[in-house]
Amino acid sequence: MVQKSETIWFDGKQVPWDEANVHVLTHALHYATAVFEGIRAYECADGSSEVFRLRDHMIRFVNSAKILGIKMPYTADEMTEAAIETLKRNKLAGAYVRPLAFVGEGAMGVYPGDNPTRVIVACWPWGAYLGEDALEKGINVRCSSFSRHHINVMMVKAKASGNYVNSVLAKNEALADGYDEAILLDTTGHVSEGTGENIFLVRDDIIYTPHLDGVLGGLTRDSIISLANDLGYEVREEPIARDMLYVADEVFFTGTAAELTPISSVDRRTVGTGTAGPVAKLLQTEFFKIVKGENPDYEHWLHRYQA
Ligand SMILES: Cc1[nH+]cc(COP(=O)(O)O)c(CN[C@@H](CCC(=O)O)C(=O)O)c1O
């Protein structure tokens, strides 16, 4: 259950959590005409807080609406301020931040007509996305029987609510089969991404990740690629066949909610030694130093605030 905070930013106003409601004939409830973001705020060692790559997330948020043709009444800068206002109003030093823009009530039917776009920002504490042990010990995953969207069926660069029906189907199947998470292949059978994460593998100290064509342009993926390059690793963005995962030295997920989560087995095949490998551990350690404001080289990624 989500741990409630006091208020939610709703169309420009702070509204009590339990009063942030909509009508059941809200267009987006029926037709998934909605886009969202997942952002994390972290409490830093010096007592301040920061929101990781906040403006980059809000640029993606506005672009997601543009891709879906949903009118967006606020700019990325206005949404950036709305997130900070809501974190401070709720005195949250660390939190998960969820902006959502959705087509409201009015006309029904596939065409949303001139129904209004409603926009919210909700913030709440959210710990380890895939379980407390996951970050340390890794998780067991399966390749899903569901393919990731073809890039001309769903617009995967948009963080669109409708894209997540595919994720829910894959996640439900994986959990029902005794796994922690699913990896989705694309319609050509190449490795795509997780239900809510990007994916990386390591082989002979070279890091591989699927190219951006068919996956959400993850900001954690982007950050880890920059960090890996800065640490001297070669990162190759290229098509990856499923069995490359089976013989990899390391495999791991990245995402705002998942942060950097090692994968210990794929389709019941142990990855490397079955625990977090040295490259994943190094990147995870350095990533957490960055998001907690302990590495000044990456200060430009941090939007500081005082809860
Ligand atoms: C499909 C997908 N791919 C990659 C990513 C990683 O993107 P980024 O967060 O910018 O590094 C996410 C984020 N998934 C968000 C939603 C999770 C949820 O269950 O809701 C998140 O991690 O916040 C995805 O949903």
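Every chain is numbered on its own, with residues counted from 1 as its sequence reads. Given that this is a predicted model, residues contribute local features only at a pLDDT of at least 70 and side-chain atom pairs are listed and counted only at 80 or more, while totals for whole chains, interfaces and linings are drawn from all residues. Side-chain numbers here rest on the full set of heavy atoms in the structure, without hydrogens or water.

Engineer: Is there a simple way to explain the overall build of the protein chain in this structure?
Structural biologist: A run of H or I in DSSP counts as a helix once it spans at least four residues, and a run of E counts as a strand once it spans at least two, with each numbered from the N terminus. Looking only at helices and strands, one finds 8 helices and 17 strands in the protein chain. Taken over C-alpha atoms, the radius of gyration comes to 19 Å for the protein chain, in line with the 19 Å a tight globule of 307 residues would show. Considering only C-alpha atoms, the protein chain reaches an extent of 55 × 50 × 30 Å along its principal axes. In the protein chain, buried positions account for 53% of the 307 residues. For this analysis, residues touch if any pair of their heavy atoms sits within 4.5 Å. In the protein chain, of all internal contacts separated by at least 6 residues, the share reaching a separation of at least 24 is 71%. Here the open area of atoms and residues is found with the Shrake-Rupley method and a 1.4 Å probe, where only the protein chains shown may cover a residue. For the protein chain, the exposed area adds up to about 13600 Å²; of that, 52% sits on carbon and sulfur atoms. The size measure is the radius of gyration over C-alpha atoms, and the globule rule it meets is 2.2 Å times the number of residues to the 0.38 power. Working definition: with a 1.4 Å probe on protein chains only, accessible area under 20% of the residue-type maximum means buried, over 50% means exposed, and in between means partly exposed.

Engineer: Mind showing me how you'd approach the pairing of strand β14 (residues 250-255) here?
Structural biologist: As a general feature of sheets, a regular strand has side chains that alternate between the two faces. Of all 6 residues making up β14, 6 are buried, and the element is well covered by its neighbours. Alternating residues of β14 divide into Glu250, Phe252 and Thr254 and Val251, Phe253 and Gly255, and every residue in both groups is buried. The criterion for strand pairing is that DSSP finds at least two bridges linking the strands in question. Pairing between β14 and strand β15 (residues 259-266): 5 bridges, direction antiparallel. Residue pairing for β15: Thr254 is matched across the bridge by Leu260. The antiparallel hairpin formed by β14 and β15 contains 3 residues in its connecting segment.

Engineer: Sorry, what's going on with the packing of aromatic side chains here?
Structural biologist: When we look at a pair of aromatic rings, we describe it by the centre distance and by the angle of the planes. Note on aromatic pairs: the rings of Phe, Tyr and Trp (six-membered ring only in Trp) are paired at centre separations within 6.5 Å, and the planes decide the class, stacked below 30 degrees, edge-to-face beyond 60, tilted for the rest. Under the counting rule described, the total for this entry stands at 11 aromatic pairs. Here the aromatic rings of Phe36 and Tyr164 are separated by 4.9 Å at their centres, their planes lie at 55 degrees, and the arrangement is tilted. Placement of Phe36 in strand β3 (residues 34-36) and of Tyr164 in helix α5 (residues 164-176) is noted, with a sequence separation of 128 residues between them. Ring centres of Phe287 and Phe288 lie 5.8 Å apart, and the angle between their planes is 65 degrees; on these two criteria the pair is classed as edge-to-face.

Engineer: Could you clarify how one ought to interpret the environment of Leu283 in this entry?
Structural biologist: Tracing the backbone shows Leu283 in helix α8 (residues 278-291). Here the alpha-carbon distance between Leu283 and Asp56, two residues 227 residues apart in the chain, equals 21 Å. Once residues lying within four places of it in the same chain are set aside, the contact partners of Leu283 are Ile207, Ile224, Leu227, Ala228, Leu231, Phe252 and Leu260.

Engineer: Can you walk me through helix α3 (residues 76-89) in this structure?
Structural biologist: Taking 1.5 Å per residue, 14 residues should reach 20 Å; α3 reaches 20 Å between its end C-alpha atoms and fits that length. Along α3, the positions that sit buried rather than exposed are Ala76, Met79, Thr80, Ala82, Ala83, Ile84, Thr86 and Leu87. Remark: Lys91 follows α3 within two positions and exhibits a positive phi of approximately 50 degrees. One less than the number of residues in a helix, times 1.5 Å, gives the span that helix is expected to have.

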